[in-house]
Amino acid sequence: MEAPLVEVKNLKKYFPKNKGLFGGKKFFVKAVDDVSFTIKKGETLGLVGESGCGKSTTGRMLMRLLDPTEGQILFEGNEISSLNDNQIRDIRKEFQMVFQDPYASLNPRMKVSDIIAEPLIVHGYPKEKREERVQHLLEVVGLNAYHADRFPHEFSGGQRQRIGIARALAVNPKLIVADEPVSALDVSIQSQILNLLKDLQEEFNLTYLFIAHDLSVVEHISDRVGVMYLGKIVELADKDNLYKEPLHPYTKALLSAVPVPNPRLKRERIILTGDIPSPSNPPSGCTFHTRCPFAMEECKKVVPQLKEISDRHFVSCHLY
Amino acid sequence: MAEKILEIKNLQTHFTSDSGVVKAVDGVTITVNKGETVGVVGESGCGKSVTSLSVMRLLKDTPGKIVGGTIEFEGKNLEAISEKEMRLIRGNEIAMIFQEPMTSLNPVYKIGRQIAEAVQLHLKYDKRQAREHAINMLKLVGIPRAEEIVDEFPYQLSGGMRQRVMIAMAMACKPKLLIADEPTTALDVTIQAQILDLMRKLSKEGDTAIMLITHDLGVVAEMCDRVVVMYAGKVVEEADVFTIFENPKHPYTEGLLYSVPKLGQKVDRLDSIPGNVPTPSNMPEGCKFAPRCPKVMDICRQQDPDLLLIDKEHTCRCWLYQNSEVLEV
Ligand SMILES: Nc1ncnc2c1ncn2[C@@H]1O[C@H](COP(=O)(O)OP(=O)(O)OP(=O)(O)O)[C@@H](O)[C@H]1O
Ligand SMILES: Nc1ncnc2c1ncn2[C@@H]1O[C@H](COP(=O)(O)OP(=O)(O)OP(=O)(O)O)[C@@H](O)[C@H]1O
Ligand SMILES: [Mg+2]
Ligand SMILES: [Mg+2]
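Residues numbered from 1 in each chain as written. Chains lettered and ligands numbered in written order. Predicted model: local features only at pLDDT ≥ 70, side-chain atom pairs only at ≥ 80, totals over all residues. Heavy atoms only, no water.

**Focus: the interface of chain A and chain B**
- Contacts between the two partners involve 66 residues from chain A and, on the opposite side, 69 residues from chain B.
- Roughly 5200 Å² of surface becomes buried between chain A and chain B when both sides are summed, with 55% attributable to carbon and sulfur atoms.
- Where chain A touches chain B, the interface holds two salt bridges.
- Of the charged contacts, one joins Glu246 of chain B and Arg264 of chain A as a salt bridge, the two residues approaching to 2.7 Å between their closest N and O atoms.
- In this structure, the connection of chain A to chain B is made through twelve residue pairs in polar contact (both at pLDDT 80 or more).
- Here the side of chain A that touches chain B takes ten residues from helix H8 (residues 187–204) of chain A, the largest share from any one element.
- Its residues assigned to classes, the side of chain A that touches chain B comprises 29 nonpolar, 23 polar and 14 charged. (Contact = heavy atoms within 4.5 Å. Buried area = accessible area lost by both parts, 1.4 Å probe. Salt bridge = Lys/Arg side-chain N within 4 Å of Asp/Glu carboxyl O. Polar contact = N/O pair within 3.5 Å; in protein donor to acceptor, adjacent residues only side chain to side chain. Helix = DSSP H or I, 4+ residues; strand = E, 2+ residues; numbered from the N terminus. Nonpolar A, V, L, I, M, F, W, Y, C, P; charged D, E, K, R; others polar.)

**Observations concerning the nonpolar core**
Residues and elements named next belong to chain B.
- Among the nonpolar cores identified, the biggest contains 67 residues, and Ile115, Leu138, Val165, Leu178, Met199 and Leu217 are the most heavily contacted of them.
- When residues of this core are assigned to their parent elements, the largest contribution, eight residues, is made by helix H7 (residues 159–171).
- When we break this core down by domain, the ones giving at least three residues each are domain 1 (4–93 + 175–328) and domain 2 (102–174). (Core = buried A, V, L, I, M, F, W, Y, C linked by side-chain atoms within 4.5 Å. Buried < 20%, exposed > 50% of the residue type's maximum accessible area, 1.4 Å probe, protein only. Domains from an automatic or database assignment.)

**Side note on the domain arrangement of chain B**
Residue and element names in this part refer to chain B.
- Once the domains are mapped, chain B shows domain 1 (4–93 + 175–328) and domain 2 (102–174).
- Using C-alpha coordinates to define each centre, domain 1 is positioned 29 Å away from domain 2.
- With 20 residues of domain 1 at the contact, the number on the domain 2 side is 13 residues.
- Buried area between domain 1 and domain 2, summed over both chains or domains, comes out near 1300 Å², and the portion from carbon and sulfur atoms is 65%.
- By the criterion of area lost to domain 2, the three top residues of domain 1 are Asn92, Pro175 and Leu198, representing 32% of everything that side buries.
- The tally of links from domain 1 across to domain 2 stands at zero salt bridges.
- Here domain 1 is connected to domain 2 by two residue pairs in polar contact (both at pLDDT 80 or more).
- Looking at the side of domain 1 that touches domain 2, the elements with two or more residues in it are helix H2 (83–89) and helix H8 (189–205).

**Observations concerning the sheet that holds strand E3 (residues 44–49) of chain A**
Residues and elements named next belong to chain A.
- Judged by pairing direction, the sheet is mixed, and its eight strands sit side by side in the order E6-E7-E8-E3-E9-E10-E12-E11 without closing on themselves. At either end of the open sheet lies a strand with only one pairing partner, and these are strand E6 (95–98) and strand E11 (307–310). The sheet shows a mean angle of 20° between the axes of neighbouring strands, taken without regard to direction.
- Looking at chain direction, E3 and strand E9 (residues 224–229) are connected through five bridges and run parallel. Paired with Gly49 across the bridge in E9 is Met228.
- On top of the sheet, helix H7 (residues 157–169) reaches E6 and strand E7 (175–179); it is set at about 180° to E6, its chief contact.
- Packed on one face of the sheet, H8 meets E3 and strand E8 (207–211) and runs near 155° to E8. (Pairing = 2+ DSSP bridges. Axes fitted to C-alpha atoms, helices over the stretch in contact; angles between N-to-C directions.)

**Comments concerning the sheet that holds strand E5 (residues 76–77) of chain B**
Residue and element names in this part refer to chain B.
- The sheet built from four strands is open, its strands ordered E2-E1-E4-E5 with antiparallel pairing. On the outer flanks of this sheet lie strand E2 (20–33) and E5, each paired with one strand and no other.
- Lying on the sheet, helix H1 (residues 48–56) is in contact with strand E1 (4–17), E2 and strand E4 (64–73); it crosses E1 at an angle near 110°.

**Comments concerning H7 of chain A**
- Helix length check: H7 of chain A, at 13 residues, gives a terminal C-alpha distance of 19 Å against a target of 18 Å (1.5 Å per residue), a fit within 8%.
- Within H7 of chain A, 13 of the 13 residues are buried, leaving the element largely enclosed by the surrounding structure. (Expected span 1.5 Å × (residues − 1).)

**Side note on the environment of Ser203 of chain B**
All names here are of chain B.
- Looking at the element boundaries, Ser203 is found in helix H8.
- The buried category is assigned to Ser203, whose relative accessible area is 10%.
- Ser203 sits 57 residues away from Val260 along the chain, and the two C-alpha atoms are 27 Å apart.
- Excluding its chain neighbours within four sequence positions, the residues that come into contact with Ser203 are Gly35, Thr37, Thr208 and Ile210.

**Remarks on a nonpolar patch on the surface**
- Side chains of Phe294, Met296 and Leu319 of chain A sit close together on the surface and give an oily, nonpolar patch of about 250 Å² of accessible area.
- By relative accessible area, Phe294 of chain A is classed as partly exposed at 43%. (Patch = residues over 30% accessible without salt bridge, like charges linked within 9 Å, V, L, I, M, F, W, Y side chains within 5 Å. Areas by Shrake-Rupley, 256 points an atom, 1.4 Å probe, with all protein chains shown as cover.)

**Considering the environment of Pro102 of chain A**
- The topology assignment puts Pro102 of chain A in helix H3 (residues 102–105).
- For the pair formed by Pro102 of chain A and Ile163 of chain A, sequence separation is 61 residues and the distance between their alpha carbons is 8.4 Å.
- Apart from the residues within four sequence positions on either side, Pro102 of chain A is in contact with Gly157, Arg160 and Gln161 of chain A together with Glu100 of chain B.

**Side note on helix H4 (residues 111–123) of chain B**
Residue and element names in this part refer to chain B.
- Its 13 residues place the ends of H4 18 Å apart at the C-alpha level, agreeing with the 18 Å of an ideal helix rising 1.5 Å per residue.
- Looking only at H4, the buried set comprises Ile111, Gly112, Gln114, Ile115, Ala116, Val119 and His122.
- Phi turns positive one or two residues past the end of H4, at Lys124, with a value near 60°.

**Some words on the pattern of salt bridges**
- Within this structure, the stated rule accounts for 33 salt bridges over all chains.
- Note that Glu94 of chain A and Lys174 of chain A form a salt bridge whose closest N and O atoms lie 3.9 Å from each other. Residue Glu94 of chain A is found in the loop between helix H2 (85–92) and E6, and its partner Lys174 of chain A is found in the loop between H7 and E7; the two are separated by 80 residues along the sequence.
- Residue class for Glu94 of chain A comes out buried when judged on its relative accessible area of 18%.
- One salt bridge connects Glu297 of chain A with Lys300 of chain A, and the closest N-O pair in it is separated by 3.3 Å. One end of the pair is Glu297 of chain A and the other is Lys300 of chain A, both in helix H12 (residues 297–301) and three residues apart, which spans about a single turn.
- Salt bridges here are not isolated pairs; linked through shared partners, they connect Asp26, Lys234, Lys288 and Asp304 of chain B.

**Quick look at the site of ligand 1**
- Around ligand 1, the surrounding shell holds 20 residues, and the nearest of these are Ser51, Gly52, Ser56 and Thr57 of chain A together with Gly160 of chain B.
- Flanking ligand 1 are residues from chains A and B.
- A distance of 2.9 Å separates an oxygen atom of ligand 1 from a polar backbone atom of Gln156 of chain B.
- For ligand 1, the protein covers 90% of the area, taking 650 Å² as the surface of the free molecule.
- For the shell around ligand 1, the class distribution of residues is six nonpolar, ten polar and four charged. (Near = heavy atom within 4 Å.)

**Focus on the site of ligand 2**
- Close contacts around ligand 2 come from 18 residues, with Glu154 and Gly158 of chain A together with Ser44, Gly45 and Ser49 of chain B the closest.
- The local environment of ligand 2 is shared, drawing residues from chains A and B.
- Between Gly47 of chain B and ligand 2, the recorded distance is 3.0 Å, taken from a backbone N or O atom to an oxygen atom.
- Within the side chain of Ser49 of chain B, one N or O atom sits 2.7 Å away from an oxygen atom of ligand 2.
- Protein contact buries 91% of the 650 Å² of open area that ligand 2 shows by itself.
- Those elements that provide at least two residues to the shell around ligand 2 are H7 of chain A together with H1 of chain B.
- Taken together, the residues of the shell around ligand 2 break down into five nonpolar, eleven polar and two charged.

Set out below in structure tokens:
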């Protein structure tokens, strides 16, 4: 069997926090707490989950923009989590990120053409072909020469997002971590970009880690989907299985909360009650037990393990 | 008869630079009644955010200028009042949730201070009350460890948490009108459901009117009474929510509804409207949607259609309906 393009093992990121103004006891925000997964070449792994559950942090560690507290990241079989900055630079080209907040991730003083050309320059793309490449990339994401000479603030939210996508595609990376790449776009452009991402994947055998909260978008683009809750993956399965037969109560609640574009339809929602727990002081046992409609005594005490329940369908829940 | 709270009439907001004029908003008419939720949808870049910034009079730092039309809030012409008067309205009577939280959160101030400042100014709370109110608001929008978050900086929060801070800030002063620009795009669906619920409560109990800008047509279907559809700086259709979903008239609205990805839909490629939005430097003559319209006729390429009343409380800007029995708006 072919080795996966990316393999993440027991990845953790704890952000240190000082309680109180005067030092006091040190504690941690457990943003990512023991996450493992693999992504095959040419595959799309979708990642969904509650806001603040650690999706972006996971993506940023994969990109090596953040150092993991613990755990390993293998890229094409090579450990990259311990490489230093110099060593990283050589493989940077292979993975690119589309950032969640397009405004914060584009340099306001750079023209769009320069923003997109930047990775080309960094990675030594021939100068005489640069302009043409930028032109092409703009067209690929549905912008054009008119936009090249403008600054990020002159664009709408969705247009800025497309600049970010063009920049990520510039150097033909092998892996793209796309953090909410289409959430700022209207549905028609969203469809265009999703179709585009699929075309590019086919053409260049690209691999995606696709982070989004829109479950229908994730269903469309992904081969497999992982569901995160409070720093952990609670369910991971082939997309068809996950959507047809969600097992984890949190996944079920998520799927039931998707708004449907039909004003006459009143949906039966699984409303989650209970306080949203904090990643600096996660609940004992299963971290979802405080909000789970099926919580049992065991759930408060024992941490469930991610188990394979049926073919390639993993879930961490005491019900199974 | 419903009481109008916001009335935008034929608004035109243009950006002028060396390279020419960008007619970002070029004919937008939107009325929001008391306690009502009006959805605004449309192609990315069609002028939704610029419309709301115009209402809030927040174009000062941009080359943008209102060059035509009027904006009335409770019968008051917002263009005519002083900046001092406007400051009392902004954040208090009209609150706004911005599309990109980082643009409106100050990166060097702690979260608590940013919420408390607004509250102190408008609700006349003292410092301690304001801080408590800030913590309560954060809890209300589902932020865990609110007591800690008030003392953190924006960069320490996840994207969705920043957005909820914005929402907490906007709702903190119980506004009469809430302009929400993509308020839930960075949120997962369970928190989204919770926030939408909160907005619904605000509108029911506080009689707050809401102008909800979103591209999520599921959210529109759930939240809105009426829907305004925009394309290239203009309103192209407006009707009640049922009519928009069940009997849309403008070909752009139809295309938009086709493009919505649905759960359980097994297709290799999603539908989308072919082509791209025209760039400001390259605006077509006539109807701006004509180059992408599947029903385009000769006249569409020559003359811009007017926004006309085609049915009871249903307006549309399209040559297909210009010859039906119509009333000028
Ligand atoms: N630089 C940082 N310093 C301290 N805490 C951080 C930092 N970055 C993230 N966190 C914390 O880590 C947790 C996870 O954040 P992350 O951005 O990964 O969430 P997310 O799943 O991407 O959420 P969203 O869907 O809202 O974008 C949050 O509790 C956040 O407050
Ligand atoms: N400061 C500015 N200078 C020049 N042009 C601008 C400026 N701000 C916005 N524009 C232009 O005005 C148009 C409308 O932008 P606006 O932000 O209102 O779009 P939008 O409908 O909110 O789109 P989105 O759904 O992507 O947020 C865009 O074409 C944009 O390029
Ligand atoms: Mg994130
Ligand atoms: Mg906008």
